[in-house]
Amino acid sequence: MILPSLIEANSPGYRPIKYALFPPLGLASLASYLDPDDEVELLDEHVQAPLELDDAPDLLVMSVYITSARRAWEIADLYRARGTHVCVGGLHPTSLPDEAASHADTVFIGPGEGAWQEFLVDFRAGRPKPRYEAAASMRSLEGIPPVRRDLIERRRYLCPNSIVVSRGCPHHCDFCYKDAFYEGGRSFYTQTVDEALAEIDRLPGRHLYFLDDHLLGNARFARALFDGMRGMGRLFQGASTVQAILRGDLIERAAAAGMRSVFVGFETLNPENLRRHDKRQNLGRDYDEVIRRCHDLGVMVNGSFVFGLDDDGPDVFERTVEWGISRSLETSTYHIMTPYPGTALHRRIADDDRIVTDDWDLYDTRHVVFKPRRMTPEQLESGYWRAYRDFYAWPAIWKGAAGQDTLKGRARHLAYAGGWRKFEPLWDLIIRARRVNAMLPALERTLDAFVGARKPANGIGSSGPQRRELGEKPFGVDLEEDLGLAQADQRTATEAPESDPSRHRARHRGLRLPGDDDLPAVGDRAHARHGVDRQTDVPGVGQRRAAAVDAGAHPDIDIARPDPFPQ
């Protein structure tokens, strides 16, 4: 099993630490379905190059992204010439299966669970098919075997305890691969709470990094997961949307469970861009309150932004950088809008004849591959690089740290932002020595030692004012009312009980949260009604909601739709 290196990992702007963060969990997950006597080797070209590709295994399996495609096809052609059966899957083969089929014997479309098991049966019988795609009914993470972490060399990764407890995302932004990858079935589903907690229990040390697209995407699951993690002594990082942080008390529960850093897709400060690109979960949300709420809890914020959206002009770079610094974002991640094949964005821009190249090596969010509407490609690309330089300049880091309300927060800001961007020679030396994991204790101390969460002054998530420039108004995207999207909250129609953390910690068997047929059950009396598992005797579940569901008033409960009974 090989994870080919991304083209950007070998470019002049290569940041070694960025590609030594996480092991290839996807391949390690597939390996868990192999027989005990199968011989398997897992190679990650980002941290194990140069690879010795002089063997001839029975089977080669690769996970392929758009900017690793050229390298993947080179490796595939090499092994096929030796008689090895080559399988490829992932985002790029799903989007362009015919391209993948010209280099591989078998192509996997969409999620691997289900399709991979079917392939293994066929392969052992000597009749593998050229293409596999799991039936929609197979999209479940219940009962999946533990990840084969014995195949991962932990010392090569800063975050070896990376973990995924869900698949996909409940939202549908037009620039995201997700809709194409999960076409034909559920596009967001979770593990059972018990199995997720058991996987966490198996991991050594304290630090975890959740690689889920949206860790807070299913409120019921997230509540139970965080309640179960309380008392485990873990520190973790993960991703969320603006909407989920502002909704209910999920971010408070996450912080209590050990969350110390959250990746947030702000994407743009322009509400028209949000509307154009279907980032509707950000419409009408107060970005300032998101940052304030996280900082009050001692949670750092990594803001993600996209440049080159249709309403962006040449001033977007300076405005975005200054906004992030003035809000004391600990880190910012910038991207050039990239129309990946298979996305709604690609179809729209292709229809407008604005795609300028199909060289997949350039689809790395650092090069311009389309014609922007309100600036030249040169302005877009140079502005992208300038944004990184300006945000991570020492004066900017100091200014951002000064905006933190506590001395501990300022110290952590300096340590995290400075350590991430300003010590490349040190990171490079450690990675070459294959001892990057030795820096994990320093990361843990940075995440935890300076935590000084401020107590809310005015209820959940409120605090004193966030530092802003003089005369500046709070930032909020306010198109929602004009667009008929005033139903802001997306709570679920049923809620998990206020759980005793010790009960989750003891791995109470049979746990099933109401309204979620992906999850295990609390107690023994879960009844299926209208496709929803209704736990009638769980304390804390609103009786009005239960009555409405049981009466069939809302038979199709969907976590992606607004709660018919908002609190």
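Here the structure is a predicted model, which is why all the values come from computation and not from measurement. Note that residues are indexed from 1 along each chain, following the sequence as it is written. Side-chain atom pairs in this predicted model are given and counted only at pLDDT of 80 or more, local residue features only at pLDDT of at least 70, and totals for whole chains, interfaces and linings cover all residues. With hydrogens and water set aside, each side-chain value is computed from the structure's full complement of heavy atoms.

Novice: Can you break down a negative patch on the surface residue by residue, with the values?
Specialist: In this analysis, a patch consists of residues with relative accessible area above 30% that form no salt bridge, clustered at 9 Å for like charges and at 5 Å for the nonpolar side chains Val, Leu, Ile, Met, Phe, Trp and Tyr. Only the protein chains shown count as cover for residues, with accessible areas throughout obtained via the Shrake-Rupley method and a probe of 1.4 Å. Salt bridge, as used here, is a side-chain nitrogen of Lys or Arg placed within 4 Å of a carboxyl oxygen of Asp or Glu. Charge counting treats Lys and Arg as positive and Asp and Glu as negative, with His and both chain ends excluded. By convention, charge coordinates are those of NZ in Lys, CZ in Arg, CG in Asp, or CD in Glu. Among the surface-exposed residues, Glu41, Glu52, Asp54 and Asp55 lie close enough to one another that they form a single negatively charged patch. For the purposes of this entry, the term helix denotes a DSSP run of H or I that reaches at least four residues, the term strand denotes a run of E that reaches at least two, and both are numbered from the N terminus. Within the secondary structure, Glu52 is located in the loop between helix H2 (45-48) and strand S3 (59-63). Overall, the relative accessible area of 64% leaves Glu52 in the exposed class. The classification of residues rests on relative accessible area computed with a 1.4 Å probe and restricted to protein chains. Under 20% of the type maximum is buried, over 50% is exposed, and intermediate values are partly exposed.

Novice: Lay out the pattern of salt bridges with the relevant residues and their values.
Specialist: Taken as a whole and assessed by the stated rule, the structure comprises 30 salt bridges. Arg202 serves as the salt-bridge partner of Glu199, at 2.7 Å between the closest nitrogen and oxygen. Taken together, the residues Glu199 and Arg202, both in helix H8 (residues 193-202) and 3 residues apart, mark about one turn of the helix. Residue Arg202 is classed as partly exposed on the basis of its relative accessible area, which comes to 47%. Salt bridges linked by common partners bring Glu45, Arg70, Arg71, Glu74 and Asp361 together as one network.

Novice: So what about the sheet that holds strand S14 (residues 331-336)? Which residues, and what values?
Specialist: At least two DSSP bridges between two strands are needed for those strands to be called paired. Strand order in the open sheet formed by 6 strands is S7-S10-S11-S12-S13-S14, and the pairing between neighbours is parallel. Of all strands in the sheet, those with a lone pairing partner are strand S7 (162-163) and S14, marking the two edges. Across 6 bridges, strand S13 (residues 300-307) lies against S14 in parallel orientation. Along S14, the bridge assignment pairs Val306 with His335. Its contacts with the sheet place helix H11 (residues 250-257) against strand S11 (235-240) and strand S12 (259-267), and it is angled at close to 145° to S12. Set on the sheet, helix H16 (residues 377-391) makes contact with S13 and S14; between it and S14 the angle comes to about 175°. Contacts between residues were defined by any pair of non-hydrogen atoms, one from each residue, lying within 4.5 Å. In this analysis, axes come from line fits to C-alpha atoms, helices being fitted only over the stretch in contact, and the angle between any two N-to-C directions falls in the range 0 to 180 degrees.

Novice: Outline the nonpolar core, supporting the account with residue identities and numerical values.
Specialist: Core analysis: the largest hydrophobic core is formed by 67 residues, its most contacted members being Phe210, Leu225, Met229, Phe236 and Phe266. Tallying contributions element by element places helix H9 (residues 219-229) first for this core, with 7 residues. Residues in contact with Leu225, not counting those within four places in the same chain, are Val165, Val193, Ala196, Leu197, Ile200, Phe210 and Leu215. Ranked by size, the runner-up nonpolar core spans 37 residues in total, among them Ala28, Val47, Tyr416 and Trp427. Among buried residues, those of type Ala, Val, Leu, Ile, Met, Phe, Trp, Tyr and Cys that are joined through side-chain atoms within 4.5 Å constitute a nonpolar core.

Novice: An account of the pairing of strand S5 (residues 106-109) is requested, with residue identities and associated values reported.
Specialist: A two-sided burial pattern is seen for S5, the buried positions comprising Thr106 and Phe108 on one face and Val107 and Ile109 on the other. As judged from the 2 bridges shared by strand S4 (residues 85-89) and S5, these two strands associate in the parallel manner. Counterpart to Cys87 in the pairing with S5 is Thr106. Two elements, S5 and strand S6 (residues 131-133), share 3 bridges in a ladder whose sense is parallel. Looking at S6, one finds that Ile109 is bridged to Glu133. With its strands directed away from the observer, a crossover is right-handed exactly when the path from the first strand over the helix to the second travels clockwise. In this region the chain leaves S5, passes through helix H6 (residues 115-124) and returns to the parallel neighbour S6; the handedness of that crossover is left-handed.

Novice: Account for the packing of helix H17 (residues 394-402) against helix H18 (residues 407-421), with residues named and values stated.
Specialist: Contact geometry for H17 and H18: axes closest at 8 Å, N-to-C directions at 150°. Classified by the interaxial angle, the pair formed by H17 and H18 is roughly antiparallel. Remark: the crossing between H17 and H18 carries right-handed chirality. Contact residues: H17 offers Trp394, Ile397, Trp398, Gly400, Ala401 and Ala402, while H18 offers Arg410, His413, Leu414, Ala417 and Gly418. Just so you know how the angles are binned, under 35 degrees is roughly parallel, over 145 roughly antiparallel, 65 to 115 roughly perpendicular, and the rest oblique. It is the rotation of the near helix from the far one that decides the hand of a crossing: anticlockwise by less than a right angle makes it left-handed, clockwise makes it right-handed.

Novice: If you had to explain H6 to someone new, which residues and values would you point to?
Specialist: Among all positions of H6, only Ala115, Trp116, Phe119, Leu120 and Asp122 are buried. Buried residues of H6, viewed axially, fall in a sector of 170°; they line one side. Structurally, H6 contributes buried residues whose contacts are with helix H1 (25-31), S3, S4, S5 and S6. Gly126 sits one or two residues past H6 and shows a positive phi near 80°. Arc definition: it is the arc formed by the directions from the helix axis to the C-beta atoms.

Novice: Please provide a residue-by-residue account of the packing of H9 against H11, values included.
Specialist: It is at 8 Å that the axes of H9 and H11 come closest, and there the two elements cross at 25°. By the angle between their directions, the pair H9 and H11 is classed as roughly parallel. In this structure, H9 crosses over H11, and the sense of that crossing is left-handed. Every residue of H11 that contacts H9 at Ala219, Ala222, Arg223, Phe226, Asp227 and Met229 is listed here: Leu250, Arg253, Ala254 and Ala257. Residue polarity is assigned by list, with Asp, Glu, Lys and Arg as charged and Ala, Val, Leu, Ile, Met, Phe, Trp, Tyr, Cys and Pro as nonpolar; anything else, Gly included, falls into the polar class. In terms of residue class, the contact of H9 with H11 is made up of 7 nonpolar, no polar and 3 charged.

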